[in-house]
Amino acid sequence: MTLRYYFQNLSWASALFLFITPIVGILLTAHHIANEGFMWPIWVMGAVFYAATVLGITAGYHRFFAHRAYDAKPWLQWLWAFMGAAAFQNSIWIWARDHRIHHRFVDTDNDPYSINKGFFFAHFGWMLLNKGPDVDLGPYGRDLSQNRVVTFQHKYYFIIAIAMCFGLPALIGYFMGSTLGGLAVGGFLRLAVVHHATFLINSWCHVFGKQTYTDTNSAKDSVIMALATFGEGYHNFHHYFDTDYRNGVKWYHWDPTKWTIRALSFTGGAYNLKRTPWSQIVSAQLQMDEKRLKNRLQSRWEGEFQNQMEQLKGRIETAHARFEELRKEYRELAQKYSDSSKARISELKLQARIAKIEFQAALDQWRAYNNFLLLHAASPA
């Protein structure tokens with residue numbers, strides 16, 4: 001995208017808002033500190049507001065409204081609608097519709113924020129333009145237009161957004177001793193940071209990182225971005241398994257959005273949490289490992305290396321199938337618990353643990369051999 005193209009199709013309202021917001025945030029914050037000193041409660045409030053706003057986008061706008069990765073009670077939908085509005089990234093209806101189109105047409109001309117049009121365009125250049133992709137928008141927002149939370153928020157979006165984004169932090173700041181501090185730190189400065197942290201998922205995570213599960217699109221996993229956006233940085237996983245309520249699928253992945261949704265499930269607010277079967281996740285990883293090795297080893301792949309990897313993959317699939325079979329039988333017996341089945345249940349628990357250990361051992365062996373081959377590929381033939 002050329003500079004001339006941007007000027008010819010520029011949305012001046014969007015451009016002024018996106019460029020002025022961080023400037024105002026920095027100037028107001030500097031003025032607040034210069035005149036009122038550093039007030040740590042104000043900064044704590046700003047951090048809390050940052051977390052709440054990001055969750056409004058990640059757990060609300062994104063994983064619930066756009067992808068229906070779980071179901072939510074009305075009170076939780078209203079909470080997400082108001083928290084998400086504080087991020088000033090448009091109404092749920094428009095945000096979720098555009099995001100669905102992005103997934104459907106990723107990396108094509110009809111992708112609203114295609115990385116193929118440049119880093120700046122994917123980051124926030126696309127929001128500066130009046131002209132969008134040539135796509136029939138109807139199918140991508142039909143269910144949203146039937147949700148009363150979505151329609152209400154869309155109708156009164158600017159009122160809600162201004163009140164939540166600037167009014168509420170200013171009010172909280174007033175009770176903390178500085179209306180200016182609340183507006184500067186919790187309002188403008190926080191908004192600018194939220195904007196560019198979340199925008200980086202569309203730009204950075206389509207350029208930098210690892211394609212762990214698929215190379216069919218440009219999405220990549222980035223731990224750095226996951227830290228800033230509460231788990232959204234595991235973007236390669238998300239683009240391949242987009243209805244999973246988790247983005248960071250491993251227990252150690254930094255994904256506060258996943259933990260929040262899981263915690264809300266214990267209150268009944270979130271339910272029917274969707275999870276991709278572990279077998280599909282592992283299978284995708286193995287296929288990508290194998291593809292990388294083929295590309296790196298090329299002619300040396302055929303023969304011994306390929307046969308060894310196939311054997312290891314077979315061990316993993318057998319061990320996992322055995323584990324799933326035992327777990328299924330255990331759950332069925334546990335639901336129909338009786339004294340006669342008590343011994344069998346205990347036996348199944350033990351066998352399932354052994355099968356899980358065997359599966360993990362086979363997976364570790366695969367990864368070790370995979371790393372060995374990658375090192376081997378780096379050495380001269």
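In this numbering scheme, every chain counts its residues from 1 along its sequence in written order. Totals for whole chains, interfaces and linings use all residues, but because this is a predicted model, local features are given only for residues with pLDDT of at least 70 and pairs of side-chain atoms are given and counted only at 80 or more. Values reported for side chains reflect all heavy atoms of the structure, with hydrogen atoms and water molecules removed beforehand.

## Examining the packing of aromatic side chains
In plain terms, the rule: Any Phe, Tyr or Trp ring, taking Trp's six-membered ring, that has another such ring centre within 6.5 Å forms a pair; planes under 30 degrees apart are called stacked, those over 60 apart edge-to-face, and the others tilted. Only protein chains enter the area calculation, which uses a 1.4 Å probe; residues under 20% of their type maximum are buried, those over 50% are exposed, and those in between are partly exposed.
What the rule picks out here adds up to 25 aromatic pairs. Between Phe-152 and Tyr-156, the aromatic rings sit 4.9 Å apart at their centres with planes inclined by 50 degrees, giving tilted as the arrangement. Under the relative-accessibility criterion, Phe-152 is labelled partly exposed at 35%. Exposure remark for Tyr-156: the relative accessible area of 32% places this residue in the partly exposed category.

## Some details on the packing of helix 4 (residues 74-85) against helix 13 (residues 256-267)
Inclusion rule: Axis definition: a line fitted to C-alpha atoms, over the contacting stretch in the case of helices. Angles run 0 to 180 degrees between N-to-C directions. Runs of H or I in DSSP of at least four residues are treated as helices and runs of E of at least two as strands, each being numbered from the N terminus. Left-handed is the label given to a crossing in which the near helix is rotated counterclockwise from the far helix by less than a right angle, and right-handed is the label when the rotation is clockwise. Contacts are residue-level and defined by heavy atoms, with any inter-residue pair within 4.5 Å sufficient. Basically, the charged four are Asp, Glu, Lys and Arg, the nonpolar ten are Ala, Val, Leu, Ile, Met, Phe, Trp, Tyr, Cys and Pro, and anything else, Gly included, counts as polar.
Across the interface, helix 4 lies against helix 13 with an axial gap of 12 Å and an inter-helix angle of 150 degrees. Of the two possible hands of crossing, helix 4 and helix 13 adopt the one that is right-handed. Contacts between helix 4 and helix 13 involve Trp-75, Leu-76 and Trp-80 from the former and Thr-260, Leu-264 and Thr-267 from the latter. Here the residues of the contact of helix 4 with helix 13 sort into four nonpolar, two polar and no charged.

## Topic: the pattern of salt bridges
Put simply, the rule is: The rule for a salt bridge is simple: a side-chain nitrogen of Lys or Arg has to be within 4 Å of a carboxyl oxygen of Asp or Glu.
One pass over the structure, following the stated rule, counts seven salt bridges. Notably, a salt bridge pairs Asp-143 with Arg-68, separated by 4.0 Å at the nearest N-O pair. Of this pair, Asp-143 sits in the loop between helix 7 (138-141) and helix 8 (148-155) while Arg-68 sits in the loop between helix 3 (40-66) and strand 1 (71-72), and the two are 75 residues apart along the sequence. With relative accessibility at 23%, the residue Arg-68 sits in the partly exposed group. Note that Arg-100 is salt-bridged to Asp-143, the shortest N-O span being 2.6 Å. Of this pair, Arg-100 sits in helix 5 (residues 92-104) while Asp-143 is found in the loop between helix 7 and helix 8, placing the two residues 43 residues apart along the sequence. The structure contains a network of salt bridges with shared partners spanning Arg-63, Glu-232 and Asp-255.

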